[in-house]
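Chain residues, written in single-letter form:
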Amino acid sequence: MSVVNKTLEKQLLSSLKQSLIASCQPVDNGPMDKVEHVVAMALAAIDGGAKGIRIEGVENVRAVAKSTSIPIVGIVKRDLDDSPVRITPFIEDVKALAEAGASIIAFDGTDRERPTAMLDLLEAIHTAGCVAMADCADFDTGMMLAKHGCTFIGSTMSGYTDLDNTPSEPDYALVTRWVEQGLNVIAEGRYNSPARAAKAIELGAFSVTVGSAITRVEHIAQWFVNSIDSAKK
């Protein structure tokens, strides 16, 4: 079995501790869904104090990596006919992200039907010289992946495996349980306000990933529109 790049891991554990990771993923096929806009969003987030950037797509990762030395969490999203798994489902995705300049590669860490086993993806990430993050939905799977050498465990998928029942609040309880076990927890998923992000750190999260509230203009505008419409009624 491959071993994590300890030098890179040490650097990331130092630079990202108790920090913001900005997820710069525009709405698919929206007006901001262009490489140059993703780079601009990333640089603006860094100017605002983000210590890491989460980027989707090999081309986007490559462009951002050329523009900054800030750690990049790279992912590839795919819509598969035979699996609900979307985030970095193939070993080929791992290799491409590593070559493009991602230092952390995140993959779907849920126990669902999938084209590539989670541990095979984890090994591929380590073989590529990168550090791994698992986007998890439940306590046990996160623990299993951490025990197999996955450096970062994210709450990313909690509430998103059943889209008909997605809660409005972040899964603070899951973050707390992992923290109590000594994991490097990246709180992610519905941390759409400064207060929620701060609470994650207070609970012991290693860092917090924020996406829509920073980089998806359509979502932010819709929140305000919905609130205004409610007031009119």
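In what follows, the accompanying structure is described. Note that the structure is a prediction, hence the values are computed from the model and not measured.

1. Considerations on the overall build of the protein
Here is step 1 of the chain: When you go through the protein residue by residue, the secondary structure sums to ten helices and eight strands.
Here is step 2 of the chain: Against the 2.2 N^0.38 benchmark of 17 Å for 233 residues, the protein shows a C-alpha radius of gyration of 17 Å, consistent with a compact globule.
Here is step 3 of the chain: By the burial criterion, 48% of the 233 residues in the protein qualify as buried.
Here is step 4 of the chain: Roughly 11200 Å² of accessible area belongs to the protein as shown, and the carbon and sulfur atoms make up 51% of that amount.
Here is step 5 of the chain: Here the protein contributes 22 positively and 30 negatively charged side chains, and the mean placements of these two sets differ by 5 Å.

2. Topic: the pairing of strand 7 (residues 184-188)
Regular strands have side chains that alternate between both faces of the sheet.
Here is step 1 of the chain: Within strand 7, four of the five residues are buried, leaving the element largely enclosed by the surrounding structure.
Here is step 2 of the chain: In the sheet, strand 6 (residues 152-154) pairs with strand 7 via three bridges, with the strands oriented parallel. The residue bridging glycine 154 from the neighbouring strand is isoleucine 186, located in strand 7.
Here is step 3 of the chain: In the classification by handedness, the crossover that spans strand 6, the intervening helix 7 (residues 172-180) and the parallel strand 7 is right-handed.
Here is step 4 of the chain: With three bridges joining them, strand 7 and strand 8 (residues 207-210) adopt parallel strand pairing. Paired with glutamate 188 across the two strands is threonine 209, which belongs to strand 8.

3. Comments concerning the pairing of strand 2 (residues 52-56)
Here is step 1 of the chain: Most of strand 2 sits out of view: four of its five residues are buried.
Here is step 2 of the chain: Where strand 1 (residues 19-23) lies against strand 2, three bridges are found, and the strand directions are parallel. Its bridge partner lying in strand 2, serine 23 is registered against arginine 54.
Here is step 3 of the chain: Of the crossover connections in this fold, the one passing from strand 1 over helix 2 (residues 35-47) to the parallel strand 2 is right-handed.
Here is step 4 of the chain: Bridge count for strand 2 against strand 3 (residues 72-75) is four bridges, and the pairing is parallel. Within strand 3, the residue paired with isoleucine 53 across the bridge is isoleucine 72.
Here is step 5 of the chain: One crossover worth recording links strand 2 to the parallel strand 3 by way of helix 3 (residues 58-67), and it is right-handed.

4. Focus on helix 4 (residues 91-100)
Here is step 1 of the chain: Considered for burial, the residues of helix 4 that qualify are Asp93, Val94, Leu97 and Ala100. All buried residues of helix 4 fall inside an arc of 130° around its axis, so they share one side. Structural note: helix 4 exposes Glu92, Lys95 and Glu99 on the side pointing more than 90 degrees away from its buried face.
Here is step 2 of the chain: Close packing links the buried residues of helix 4 with helix 3, strand 3, strand 4 (104-109) and helix 5 (118-127).
Here is step 3 of the chain: Looking one or two places after helix 4, you find glycine 101, whose phi comes out positive at around 120°.

5. Looking at a nonpolar patch on the surface
Here is step 1 of the chain: A contiguous nonpolar patch, built from Trp223, Phe224 and Ile228 and spanning about 330 Å² of accessible area, is present on the exposed surface.
Here is step 2 of the chain: Positionally, tryptophan 223 belongs in helix 10 (residues 217-232).
Here is step 3 of the chain: In this structure tryptophan 223 comes out as partly exposed when scored by relative accessible area, which is 36%.

The rules we used
Residues numbered from 1 in each chain as written. Predicted model: local features only at pLDDT ≥ 70, side-chain atom pairs only at ≥ 80, totals over all residues. Heavy atoms only, no water. Helix = DSSP H or I, 4+ residues; strand = E, 2+ residues; numbered from the N terminus. Rg over C-alpha atoms; globule rule 2.2 N^0.38 Å. Buried < 20%, exposed > 50% of the residue type's maximum accessible area, 1.4 Å probe, protein only. Areas by Shrake-Rupley, 256 points an atom, 1.4 Å probe, with all protein chains shown as cover. Lys, Arg positive; Asp, Glu negative; His and termini not counted. Charge placed at Lys NZ, Arg CZ, Asp CG, Glu CD. Pairing = 2+ DSSP bridges. Right-handed = clockwise from strand over helix to strand, strands pointing away. Arc of directions from axis to C-beta. Contact = heavy atoms within 4.5 Å. Patch = residues over 30% accessible without salt bridge, like charges linked within 9 Å, V, L, I, M, F, W, Y side chains within 5 Å. Salt bridge = Lys/Arg side-chain N within 4 Å of Asp/Glu carboxyl O.

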